[in-house]
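# Structural features, examined
Here's the letter readout for the chains.
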Amino acid sequence: MENLQKKVVLITGGGTGIGKATASAFIKKGATVVITGRRQAVLEQTTQELGTQSYAIAGDVSKNGEPSRIIEEVISKFGRLDVLVNNAGTGSMGPLSETTDEVIESIYRTNVFAPLALIREATTHLAKNKGAVINISSVTSSGLMPGVAAYASSKAAVDHATRLLAAELGPMGIRVNAVAPGLTDTDITADVKSNEQMLGMIISQTPMGRLGEPKDIANAVLLFADNRAGWITGQCVQAGGGYLL
Ligand SMILES: NC(=O)c1ccc[n+]([C@@H]2O[C@H](COP(=O)([O-])OP(=O)(O)OC[C@H]3O[C@@H](n4cnc5c(N)ncnc54)[C@H](OP(=O)(O)O)[C@@H]3O)[C@@H](O)[C@H]2O)c1
């Protein structure tokens, strides 16, 4: 793995779970990492743990104007952006008949609008450094699972945007890829983890026979960020121990 010293990485939702593990992995390679999230106290706690190579920007990426404000702050503070990890995400479980307008809108705003707006605002800065975008999708984007229509379809939109933007931004030297985690041990999966039957079923259908750890996903993100992946773009790769293959 190349040394990432002098590289600046922006990770949305970097205060917890997969984003936090990814921030830690980039920092170990020498990068400076900016994390975002809505909860200031969570971000403060995480930057304390991550140390001086981390910096936090509080904000809600699902709101108009916030993606551009966040990118502007990264540039005014560090003068460059090399890697954008669109990790902030939200979801809900339950039949569509019980899914409110507010929930659908929040899922699509956070999971689809925010990555698109962040990539748009970051493009000129990433182009200067032949940078990379890594979108965090989900194995549900291509699997057939009842009860996650809003979430899974939003992640399918992320996958297709990944391919479309790889084509659009490739001529500027920017690579765009996606990592699609399987069930991973974070806050977002609290409901599934507390349902022993469902957890057992998912693990039994996972060839690697366990739940994912945030660092499993962080390692996959780092592979795509590495210059040695410089000929790989437009790919959506599952990191789920073989679940839903
Ligand atoms: N864990 C899994 O099994 C799994 C599987 C497939 C895909 N994923 C994807 O992995 C990504 C990370 O999730 P995770 O598992 O690490 O769960 P998590 O710990 O709950 O992380 C989600 C992060 O996103 C931030 N966030 C949510 N909405 C936001 C908004 N509107 N503006 C800014 N930040 C926002 C949250 O911070 P605040 O609440 O402070 O804003 C939180 O730090 C998500 O995109 C998720 O869909 C996870």
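This write-up is about the structure you can find in this document.

What follows is about the sheet that holds strand β6 (residues 175-181). Paired through backbone hydrogen bonds, the strands of a sheet run either parallel or antiparallel to each other. The strand order β3-β2-β1-β4-β5-β6-β7 describes an open sheet built from 7 strands, whose pairing is parallel. Two strands lie at the open edges of the sheet, namely β3 (54-58) and β7 (236-239), each paired on one side alone. Between one strand axis and the next, the sheet turns through 20° on average, direction left out of account. Bridge analysis of β6 against β7 gives 4 bridges, and the strand direction is parallel. Counterpart to alanine 180 in the pairing with β7 is glutamine 238. Contacts from helix α5 (residues 149-169) reach β5 (132-136), β6 and β7 within the one sheet, and its direction differs from that of β6 by about 160°.

Let us look at the nonpolar core. Judged by nonpolar contacts, the single largest core of 27 residues is most densely connected at Val9, Phe26, Val33, Val85 and Val179. Elements with a contribution of two residues or more to this core: β1 (8-11), α1 (17-28), β2 (32-37), α2 (40-50), β4 (83-86), β5 and α8 (214-225). Core analysis: the next-biggest nonpolar cluster, separate from the first, contains 23 residues, Val74, Leu81, Leu118 and Ile119 among them.

Looking now at unusual backbone geometry. A positive phi angle, near 80°, is found at lysine 6, a position not held by glycine. Unusually for a residue other than glycine, leucine 244 sits at a positive phi of about 60°. Mapped onto the elements, leucine 244 comes out in the segment after β7. For leucine 244, a relative accessible area of 29% translates into the label partly exposed.

Let us now look at the packing of helix α4 (residues 101-128) against α5. Two elements in contact, α4 and α5, have axes separated by 9 Å at closest approach and are oriented at 15°. In this view, α4 runs roughly parallel relative to α5, as classed from their interaxial angle. Once α4 is placed against α5, the crossing between them reads as right-handed. Residues Ile104, Ile107, Tyr108, Asn111, Val112, Leu116, Ile119 and Thr123 of α4 form the contact with α5, whose participating residues are Ala150, Tyr151, Ser153, Ser154, Lys155, Ala157, Val158, Ala161, Leu165 and Leu169.

Moving on: the site of the ligand. Close to the ligand lie 28 residues; Thr16, Arg38, Tyr151, Thr184 and Thr186 are nearest. The separation between an oxygen atom of the ligand and a polar main-chain atom of asparagine 87 is 2.7 Å. Tyrosine 151 is positioned with one of its side-chain polar atoms (N or O) 2.6 Å from an oxygen atom of the ligand. Here the ligand has 880 Å² of accessible area as a free molecule, and 94% of this is covered by the chains. Residue assignment for the shell around the ligand shows that the elements contributing at least two residues are α1 and α5. Broken down by class, the residue content of the shell around the ligand amounts to 8 nonpolar, 15 polar and 5 charged.

Rules used throughout
- Residues numbered from 1 in each chain as written.
- Predicted model: local features only at pLDDT ≥ 70, side-chain atom pairs only at ≥ 80, totals over all residues.
- Heavy atoms only, no water.
- Pairing = 2+ DSSP bridges.
- Helix = DSSP H or I, 4+ residues; strand = E, 2+ residues; numbered from the N terminus.
- Axes fitted to C-alpha atoms, helices over the stretch in contact; angles between N-to-C directions.
- Contact = heavy atoms within 4.5 Å.
- Core = buried A, V, L, I, M, F, W, Y, C linked by side-chain atoms within 4.5 Å.
- Buried < 20%, exposed > 50% of the residue type's maximum accessible area, 1.4 Å probe, protein only.
- Parallel < 35°, antiparallel > 145°, perpendicular 65-115°, else oblique.
- Left-handed = near helix turned anticlockwise from the far one by under 90°.
- Near = heavy atom within 4 Å.
- Polar contact = N/O pair within 3.5 Å; in protein donor to acceptor, adjacent residues only side chain to side chain.
- Areas by Shrake-Rupley, 256 points an atom, 1.4 Å probe, with all protein chains shown as cover.
- Nonpolar A, V, L, I, M, F, W, Y, C, P; charged D, E, K, R; others polar.

Interpretation in functional terms is not warranted from these geometric data alone.
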